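# Working through the structure, step by step
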Amino acid sequence: MAEKFGDDRTRDMVDHLFRREAGRMAATLTRILGPGQLDLVEDIVQDALVQALRVWPYRGLPDNPRAWLIRVARNRALDRLRRSSTLRGKADDLKKWISQSSGEPGRPRESRFAEELSDDQLAMIFICCHPELPPASRVALTLKTVCGFSVPEIARALLSAQPTVAQRLVRAKRMIKRKNLPFQVPPPAALNQRLDSVLEAVYLLFNEGYAAHSGEELVRRDLTGEALRLISLLSAHPLTSKPQVHALAALLHLHASRLPAREEDGQIVLLADQDRSRWDQRLIEIGSRHLRQAMRARALSRYHLQAAIAACHLAAPSYDQTDWRKILGLYDALIEIQPSPVFRLNRAVALAFVDGVESGLKALQGIEDDPALRDYYLLPATLADLQRRAGRPGRAAGFYRRALKCPCSGPERRFLEDKLEQVEAQSSHAIQEDQP
């Protein structure tokens, strides 16, 4: 055991491990115990993490935290198996799992993906995306079981109410148990039935890592890294090397290339202010290669268009030289495929650069009352920025206050507070100038 440390550091470490390991542990336990035991699997994984919170502050961080968690999970599972006649025969498989998972700290797991989709976590995603489950339930179940998302995080990712998400999860687990759906990768002919839901889950996993909805980290690199790993597996396999897969791979790699410049000293750095020399050229090249492969498609998916928008931003020598007219056209095409309120919000930003701020504000009138964006801080923040650019700092301040009432991460909250302070100062100065 290493040196002891305080509760805050313990919670940070457990949260990090939860994000990185809980999904993998759950996937392997589900393979061993069966998909009908999803509730039991979640309880076992949760127990292991709670035990870490209890023990590590007093005994110190284990030399191999991942192996420690797996041992605790294995022991919890064995305790439950001894009380269940239907699961008692799984003990040998659990013991085999612990022996295979106790390698050197930091040693990567072997991932075989040559003949079949044999990666446990990726296989678990395909199972959660079974065609007998409703589409919305597939993605919610994947984010909960495989990616370790909480119900509030899933609700924010799907722009849904928390009770709705919770009900979807309960129904999905009941259906898996009732229909006795097997833990196996579907045959090649059935893969495409699930691929769209799989891609959406990977996309949302990356999004949560790229811009965390809560906590003190703007970026959760364990989540973005896991999403890149999964999409790389999918794009490399002959059964799933489809144009839309390469398009999503392009989108994620192009966005990830900007991560080194997105924050500095814990503060958000907007695209307009980023040091473009810090962008990861290796990831840009990988993303560009995937985009070229994706463009062989007969029809373009939303991932094609989103990747093309990201490529436009990366191609611009500076923010002022961004081809906003081209980006606006891509958003128009994107909204025809999927009229998401978030895409309409982003289109309004592009429109403001092409036709002026008032055009952007007018475009936002149609989505201001959209219930899906009720707690989405970027809507009032965008309205605030456009009002500021229009020379109305008082109105901008009101929208920044609205944005601060929405859930967001610590860096995002500090960014909004700084912007609010700036426009309040501008508004106060303008009032003083108007006085005789």
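Below, the structure is looked at part by part. (Residues numbered from 1 in each chain as written. Predicted model: local features only at pLDDT ≥ 70, side-chain atom pairs only at ≥ 80, totals over all residues. Heavy atoms only, no water.)

The next thing to look at is the overall build of the protein. Secondary structure summary: the protein contains 19 helices and 2 strands in total. When the 436 residues of the protein are sorted by exposure, 52% land in the buried category. As displayed, the protein has an accessible area near 21200 Å², and 46% of this comes from carbon and sulfur atoms. (Helix = DSSP H or I, 4+ residues; strand = E, 2+ residues; numbered from the N terminus. Buried < 20%, exposed > 50% of the residue type's maximum accessible area, 1.4 Å probe, protein only. Areas by Shrake-Rupley, 256 points an atom, 1.4 Å probe, with all protein chains shown as cover.)

Further remarks concern helix H11 (residues 243–256). Its 14 residues place the ends of H11 20 Å apart at the C-alpha level, agreeing with the 20 Å of an ideal helix rising 1.5 Å per residue. Counting buried residues in H11 gives 11 out of 14 residues, a clear majority hidden from the surface. Every buried residue belonging to H11 is among Val 245, His 246, Ala 247, Leu 248, Ala 249, Ala 250, Leu 251, Leu 252, His 253, Leu 254 and Ala 256, and all of these are buried. Lining the buried residues of H11 we find helix H9 (188–210), helix H10 (221–236), helix H12 (281–294) and helix H13 (302–315). (Expected span 1.5 Å × (residues − 1). Contact = heavy atoms within 4.5 Å.)

Between two packed helices, both the angle of their axes relative to each other and the distance between the axes serve to describe the pair. Running from N to C, H11 and H12 point in directions that differ by 160°, and their axes come no closer than 7 Å. With respect to H12, the element H11 is oriented roughly antiparallel. The element H11 and its partner H12 pack so that their crossing is left-handed. Contact residues: H11 offers Pro 243, His 246, Ala 247, Ala 249, Ala 250, His 253, Leu 254 and Ala 256, while H12 offers Leu 283, Ile 284, Ile 286, Gly 287, Ser 288, His 290, Leu 291, Gln 293 and Ala 294. When grouped by side-chain class, the residues that make up the contact of H11 with H12 number 11 nonpolar, 6 polar and no charged. (Axes fitted to C-alpha atoms, helices over the stretch in contact; angles between N-to-C directions. Parallel < 35°, antiparallel > 145°, perpendicular 65-115°, else oblique. Left-handed = near helix turned anticlockwise from the far one by under 90°. Nonpolar A, V, L, I, M, F, W, Y, C, P; charged D, E, K, R; others polar.)

We now examine the pattern of salt bridges. Within this structure, the stated rule accounts for 11 salt bridges. Close ionic contact of Glu 358 with Arg 392 constitutes a salt bridge, the shortest N to O distance being 3.0 Å. Of this pair, Glu 358 sits in helix H16 (residues 357–364) while Arg 392 sits in the loop between helix H17 (378–389) and helix H18 (393–404), placing them 34 residues apart in sequence. For Glu 358, a relative accessible area of 45% puts it in the partly exposed group. For Arg 401, the salt bridge goes to Glu 424, with nearest N and O atoms at 2.9 Å. Of the two residues, Arg 401 sits in helix H18 while Glu 424 sits in helix H19 (residues 410–434), which places them 23 residues apart along the sequence. Take Arg 401: its relative accessible area is 41%, and that puts it in the partly exposed class. You can call Glu 424 partly exposed: its relative accessible area is 33%. The network of salt bridges with shared partners includes Asp 39, Glu 42, Lys 144 and Lys 173. (Salt bridge = Lys/Arg side-chain N within 4 Å of Asp/Glu carboxyl O.)

A word on the packing of aromatic side chains. Evaluated as defined, the whole model comprises 6 aromatic pairs. Through a chain of ring-to-ring contacts, the aromatic side chains of Tyr 319, Trp 324 and Phe 353 assemble into a single cluster. Arg 262 extends its terminal NZ or CZ atom over the ring of Tyr 210, reaching a point 4.1 Å from the ring centre. Above the ring of Phe 353, the side-chain terminus of Arg 389 is found at 4.4 Å from the ring centroid. (Phe/Tyr/Trp six-rings, centres within 6.5 Å; stacked < 30°, edge-to-face > 60°. Lys NZ or Arg CZ within 6 Å of the ring centre and 35° of its normal.)

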